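The chain contents come next:
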Amino acid sequence: RVRGYELDSNGHVNNAVYLNWAEEIAMLHAEAAGYGREWSLAHDGTWVVHHADITWRRPALPGDEVIVFVKVESIRGARGIRRTQIIRAADDELLAVLLVEWAWVRISDGRPARVPRELVELVERAQKRDLAPN
């Protein structure tokens, strides 16, 4: 649910909040899949946002309940891309779409590094399932 402190001077959700929601769902998604903080630390890495493209369609307003969907689009080299869609629950109106590019960096020195193969293979298997005919 949209909270009062997320609003801007125009009375709708501040643009930056959409990126906060995308980051939160990315963390929850990774944890649920077993590749969250503990797994990352065990592999001397962490994800940081490298670039974000946001397309706003409609504003989220005070009291709106939103549904946030996320999907890993790709992982290659030191980069991963997630697509996040934010939808108003009351009428299924698409409010925003975010393409967020994440960089996998080594904790030891903060430099970009290749994403661990285990995670790359997990994403590849998921993409094959998504493309399989029903």
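1. Concerning unusual backbone geometry
In the Ramachandran plot, aspartate 44 falls in the positive-phi region, its phi being about 50° despite a non-glycine side chain. Positionally, aspartate 44 belongs in the loop between α2 (37-42) and β1 (45-56). Given the relative accessible area of 28%, aspartate 44 is considered partly exposed. Non-glycine residue aspartate 92 carries a positive phi angle of around 60°. Mapped onto the fold, aspartate 92 is located in the loop between β3 (79-88) and β4 (93-106).

2. A few points about the sheet that holds β4
The strand order β1-β4-β3-β2 describes an open sheet built from four strands, whose pairing is antiparallel. Across the chains shown, the open sheet's two edge strands, defined by having one partner strand only, are β1 and β2 (66-76). Strand-to-strand twist across the sheet, computed as the mean angle between neighbouring axes with direction ignored, equals 20°. Relative to β4, β3 runs antiparallel, the two being bridged by 10 bridges. Bridge assignment links glutamine 85 to a residue of β4, and that residue is valine 97. Its contacts with the sheet place helix α1 (residues 15-33) against β1, β2, β3 and β4, and it is angled at close to 60° to β4.

3. Quick word on the pattern of salt bridges
Across all of its chains, the model carries 10 salt bridges by this definition. When the shortest N-O distance is used, the salt bridge between arginine 106 and aspartate 109 registers 2.9 Å. The exposure class assigned to arginine 106 is partly exposed, which follows from its relative accessible area of 30%. On the accessibility criterion, aspartate 109 (43% relative accessible area) is partly exposed. Each of Asp64, Arg88 and Asp91 takes part in salt bridges that share partners, so that together they form one network.

4. A look at the environment of tyrosine 5
Mapped onto the elements of the fold, tyrosine 5 is located in the segment before α1. In this structure tyrosine 5 comes out as exposed when scored by relative accessible area, which is 65%. Put simply, tyrosine 5 and alanine 26 are 21 residues apart on the chain and 22 Å apart in space, counted from C-alpha to C-alpha.

5. Concerning the pairing of β2
Two faces belong to every sheet, and in a regular strand the side chains alternate between them. In this sheet, β3 lies alongside β2 in antiparallel orientation, the contact comprising 10 bridges. By the bridge assignment, isoleucine 67 is partnered in β3 with isoleucine 87. What sits between the antiparallel neighbours β2 and β3 is a turn of two residues, in which glycine 77 has the positive phi angle 60°.

6. Points about the side chain of arginine 82
With respect to the helices and strands, arginine 82 occurs in strand β3. Lacking a salt bridge, the buried arginine 82 has glutamate 31 as its closest oppositely charged neighbour, with an N-O distance of 10.0 Å. Among the polar contacts listed, one links the side chain of arginine 82 to the side chain of histidine 29, at a separation of 2.8 Å. Contacts of arginine 82, omitting those with residues within four sequence positions, involve Ala26, His29, Ala30, Val70, Lys71, Val72, Glu73, Leu98, Leu99, Val100 and Trp102.

7. Overview of the nonpolar core
Of all hydrophobic cores here, the largest spans 15 residues; its most connected members are Val13, Tyr18, Trp21, Ala60, Val66, Ile86 and Leu98. Of all the secondary-structure elements, those providing two or more residues to this core are α1 and β4. Setting aside anything within four residues of it in sequence, one finds alanine 60 in contact with Val2, His12, Val13, Tyr18, Trp21, Val66 and Leu95. If you look at the next biggest cluster of nonpolar residues, it comprises 10 residues, including Ile75, Ala113, Val115 and Leu119.

Each value, and the rule that gives it
Residues numbered from 1 in each chain as written. Predicted model: local features only at pLDDT ≥ 70, side-chain atom pairs only at ≥ 80, totals over all residues. Heavy atoms only, no water. Helix = DSSP H or I, 4+ residues; strand = E, 2+ residues; numbered from the N terminus. Buried < 20%, exposed > 50% of the residue type's maximum accessible area, 1.4 Å probe, protein only. Pairing = 2+ DSSP bridges. Axes fitted to C-alpha atoms, helices over the stretch in contact; angles between N-to-C directions. Contact = heavy atoms within 4.5 Å. Salt bridge = Lys/Arg side-chain N within 4 Å of Asp/Glu carboxyl O. Lys, Arg positive; Asp, Glu negative; His and termini not counted. Polar contact = N/O pair within 3.5 Å; in protein donor to acceptor, adjacent residues only side chain to side chain. Core = buried A, V, L, I, M, F, W, Y, C linked by side-chain atoms within 4.5 Å.

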